[in-house]
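# Breakdown of the fold
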Amino acid sequence: MTTQSTTTTSADKMKWSAQDTTWMLSLFGTAVGAGILFLPINAGLNGFWPLVALAVLVGPMTYFAHRGLARFVLSSKKPGSDITEVVEEHFGATAGKLITLLYFFAIYPIVLIYGVGITNTVDSFMVHQLGMESLPRSVLSIILIMGMMSVMLAGEKLMLKVTQFLVYPLVAILLFMSIYLIPDWNTSALQQIPTMGDFWTTIWISIPVLVFAFNHSPAISAFSMAQTRSYGENAERKSNQILFRTAGMLLGFVMLFVFSCVLSLTPADLVEAKAQNLAVLSYLANKHESPFISYLGPIVAFVAIVSSFFGHYMGAREGLNGLIIKQLRSRNKEVNLKKIDMFTVAFVIITSWIVATINPSILGMIESLGGPIIATILFIMPMYAIKKVPSMQKYAGKASNVFVTIMGLVAISAIMYGFVS
């Protein structure tokens, strides 16, 4: 009787809940940032057929890599440890400090980029669509940054609710736009047959684009800790379940949008859009002179940036808090988590405001520098831990580990190639 009761309770815990849906949408929102607006151009530039191969690769890449990182966070002997604490536990204090530093500098610049991006998006919408005059940039940026930060300060529950509220229209708009473009589909992209060398080169240099467009690693630590709190010993199974559905949702909605955009444009259009450095919806609005798309484009960009900001802020906060805590402990000083949190909040607000006000063009280069670090932490570190960490060796010997390692090395090599070329 007791065994049956225990089995029933375990099965009940694995049933899909509203909380699981909320986390799935939050991870989806973290991944679908402003990058999706450039993904169709970057990924489709070299034709339709490499894009088909990338679509086959990106689902397993996304799921297995994020599953590995979640397993790494959950492998701690101390339940509730975040990624910076798990790194120190497994690799020692010195390596812990170094990886935490790299983790912070991989994610923090993206938070700054979103501060700039949302200011530019709202300013452009006010001027071009609403016919208003620009607010002083310093005023507009602080209003928007404080608005986003106030949701984070109100707590995890409100952040998840706001993300859910934002992601539903984002999914609906992506689906609607994909269908809306169907009458404009043409076969010119299908007729662009690359040579075998160009085919593999295109896949190689496009993999980093897909990694970033589908990346929700900044939210994985907070997500894994939340599963531990809610599901205890079932946290890993529940994490796998949510991550699998998140990867499927990303693959379905994002790749449908990408394919629809690529099929509605010619290869020459994609080259022109790349040269003009325009988001795909902006280019489509200009090409079709569609007021509908010109209004919808900024709304998609705004929703995508805000939902992605939340997940990246969680990662940046963990990184900076981890650095400060490790530094204080190494000096045998008292750790006051409340004061550290207050400092992190103030630091992010002030620096994001300054950068958004200045609006520098160097941010793209900073993001490129962060690329190899993100790929290393997401793809390589968990696979290395499976080899070296006793609590993770139960995951050894799987073909998925080889696949993730290869994809991680391919992504890093392509990012480095793109940076030096």
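Each chain carries its own residue numbering, running from 1 in the direction its sequence is written. Whole-chain, interface and lining totals are the exception, using all residues; otherwise, since this is a predicted model, local features are given only for residues with pLDDT of at least 70 and side-chain atom pairs are given and counted only at 80 or more. Side-chain numbers here rest on the full set of heavy atoms in the structure, without hydrogens or water.

Attention shifts here to the overall build of the protein chain. Numbering of helices and strands runs from the N terminus; a helix is a DSSP stretch of H or I covering at least four residues, while a strand is a stretch of E covering at least two. Helix and strand content of the protein chain: 17 helices and 0 strands. Here the protein chain has a C-alpha radius of gyration of 22 Å; the compact-globule value for 421 residues is 22 Å, and the two agree. Here the term buried applies to any residue with accessible area under 20% of the maximum for its type, exposed to any over 50%, and partly exposed to those in between, with areas from a 1.4 Å probe on protein chains only. Expressed as a percentage of its 421 residues, the buried residues of the protein chain come to 51%. Note on definitions: a residue-residue contact is assigned when non-hydrogen atoms from the two residues lie within 4.5 Å. Within the protein chain, residue pairs in contact and separated by at least 24 positions form 82% of the contacts whose partners lie at least 6 positions apart. Here the protein chain holds 27 positive side-chain charges and 20 negative ones, and the gap between their average locations is 12 Å. We compute the radius of gyration over the C-alpha atoms and compare it with the globule rule, which gives 2.2 Å times the number of residues raised to the power 0.38. For the purpose of counting charges, residues Lys and Arg are taken to be positive, whereas Asp and Glu are taken to be negative. His and the chain ends are not included. A charge is said to be at NZ when it belongs to Lys, at CZ for Arg, at CG for Asp and at CD for Glu.

Each salt bridge in this description consists of a side-chain nitrogen of Lys or Arg and a carboxyl oxygen of Asp or Glu lying within 4 Å of one another. Following the criterion strictly, the structure yields 3 salt bridges and no others. A salt bridge links Lys238 to Asp20; its shortest N-O distance comes to 2.7 Å. On the criterion of sequence distance, the pair formed by Lys238 in helix α11 (residues 235–264) and Asp20 in helix α2 (residues 18–31) is long-range, its members being 218 residues apart. The buried category is assigned to Lys238, whose relative accessible area is 0%. Here Lys326 ties to Glu88 by a salt bridge, and the two come within 3.3 Å at their closest N and O atoms.

Axis lines are fitted through C-alpha atoms, for helices just across the contact stretch, and the angle between N-to-C directions can take any value from 0 to 180 degrees. Direction vectors running N to C along helix α8 (residues 156–180) and α11 enclose 35°, while the axes themselves pass 8 Å from each other. Note that α8 runs across α11; the crossing there is left-handed. Contacts between α8 and α11 involve Val171, Leu174, Leu175, Met177 and Ser178 from the former and Met249, Phe253, Leu256, Phe257 and Ser260 from the latter. In the scheme used here, Gly and all other residues not listed as nonpolar or charged are polar, with Ala, Val, Leu, Ile, Met, Phe, Trp, Tyr, Cys and Pro taken as nonpolar and Asp, Glu, Lys and Arg as charged. Residue composition of the contact of α8 with α11, grouped by class: 8 nonpolar, 2 polar and no charged. By definition, any crossing whose near helix is turned counterclockwise from its far helix by less than a right angle is left-handed, and any crossing with a clockwise turn is right-handed.

This part takes up a nonpolar patch on the surface. Taken together, the side chains of Leu175, Ile179, Ile182, Trp185 and Leu256 make up a nonpolar region of the molecular surface, amounting to roughly 410 Å² of accessible area. Classification of Trp185 by relative accessible area gives partly exposed; the value is 37%. Only residues whose relative accessible area exceeds 30% and that form no salt bridge enter a patch; like-charged residues are grouped when within 9 Å of one another, and nonpolar side chains (Val, Leu, Ile, Met, Phe, Trp, Tyr) when within 5 Å. The method behind every accessible area is Shrake-Rupley, applied with a 1.4 Å probe, and residues are considered shielded solely by the protein chains displayed.

This part covers the side chain of His90. Locating His90 in the fold gives a position in helix α5 (residues 83–91). N or O atoms closer than or at 3.5 Å make up a polar contact, with two conditions inside protein: a donor-capable atom paired with an acceptor-capable one, and, for residues adjacent in sequence, both atoms drawn from side chains. Looking at His90, its side chain comes within polar contact range of the side chain of Ser75, at 2.8 Å. What His90 contacts, discounting residues up to four positions off in sequence, is Phe72, Ser75, Ser76, Val389 and Ser391.

Here the focus is the confidence of the model for the protein chain. The pLDDT score gives, residue by residue, the confidence of the prediction method on a 0 to 100 scale. With 93% of its residues at a pLDDT of at least 70, the protein chain reaches an overall mean of 87. Model confidence for the protein chain, summarised as mean pLDDT per element, is weakest for helix α1 (residues 2–14) at 55 and strongest for helix α15 (residues 337–358) at 95. Scored below 50 in pLDDT, residues 1–8 shows 0 contacts in the model against residues more than four places distant or in partner chains.

Our focus in this paragraph is the packing of aromatic side chains. In this scheme Phe, Tyr and Trp rings, the latter by its six-membered ring, pair at centre separations within 6.5 Å, and the angle between planes marks the pair as stacked below 30 degrees, edge-to-face above 60, and tilted otherwise. Per the stated rule, a full pass over the model turns up 17 aromatic pairs. Ring centres 4.9 Å apart and planes at 15° place the aromatic pair Phe104 and Tyr108 in the stacked group. Of this pair, Phe104 and Tyr108 both sit in helix α6 (residues 93–129), 4 residues apart, which is roughly one turn of that helix. In this structure, Phe104 and Tyr108 share a single accessibility class: buried. Pairing Phe199 with Trp200 gives two aromatic rings, centres 5.3 Å apart and planes at 85°, and the pair type is edge-to-face. Overall, the relative accessible area of 18% leaves Phe199 in the buried class. Ring-pair connections join several aromatic residues into one group, and the members of that group are Phe104, Phe105, Tyr108, Phe343 and Phe347. Lying over the aromatic face of Trp16, Arg245 brings its terminal NZ or CZ to 4.0 Å of the ring centre. We count a charge as sitting over a ring when the NZ of a lysine or the CZ of an arginine lies within 6 Å of the ring centre and within 35 degrees of the ring normal.

What follows is about the environment of Gly315. Position of Gly315 among the secondary structure elements: in helix α14 (residues 291–330). Classification of Gly315 by relative accessible area gives buried; the value is 0%. In this structure the C-alpha to C-alpha distance between Gly315 and Tyr168, which are 147 residues apart in sequence, comes to 23 Å. In this structure Gly315 touches Tyr103, Ile107 and Pro218, once residues within four positions along its chain are discounted.

Overall, Asp20 belongs to the buried group, its relative accessible area being 0%. Leave out the neighbours within four places in its chain, and Asp20 touches Lys15, Tyr231, Lys238, Gln241 and Ile242.

Tracing the sequence through the fold places Ser224 in helix α10 (residues 220–231). For Ser224, a relative accessible area of 0% puts it in the buried group. Taking the C-alpha atoms as reference, Ser224 lies 9.4 Å from Ile83; in sequence the two are 141 residues apart. Those residues in contact with Ser224 that sit more than four places away from it in its chain are Ala70, Val73 and Leu74. A polar contact of 2.8 Å, which involves the side chain of Ser224, links it to the backbone oxygen of Ile220.

The subject of this paragraph is unusual backbone geometry. Within the chain, Asn332 stands out as a residue other than glycine whose phi angle is a positive 55°. For Asn332, the position within the fold is in the loop between α14 and α15. For Asn332, a relative accessible area of 74% gives the class exposed. Of note, Asn359 is a non-glycine position whose phi angle comes to about 60°, a positive value. By the secondary structure assignment, Asn359 is in the loop between α15 and α16 (363–388).

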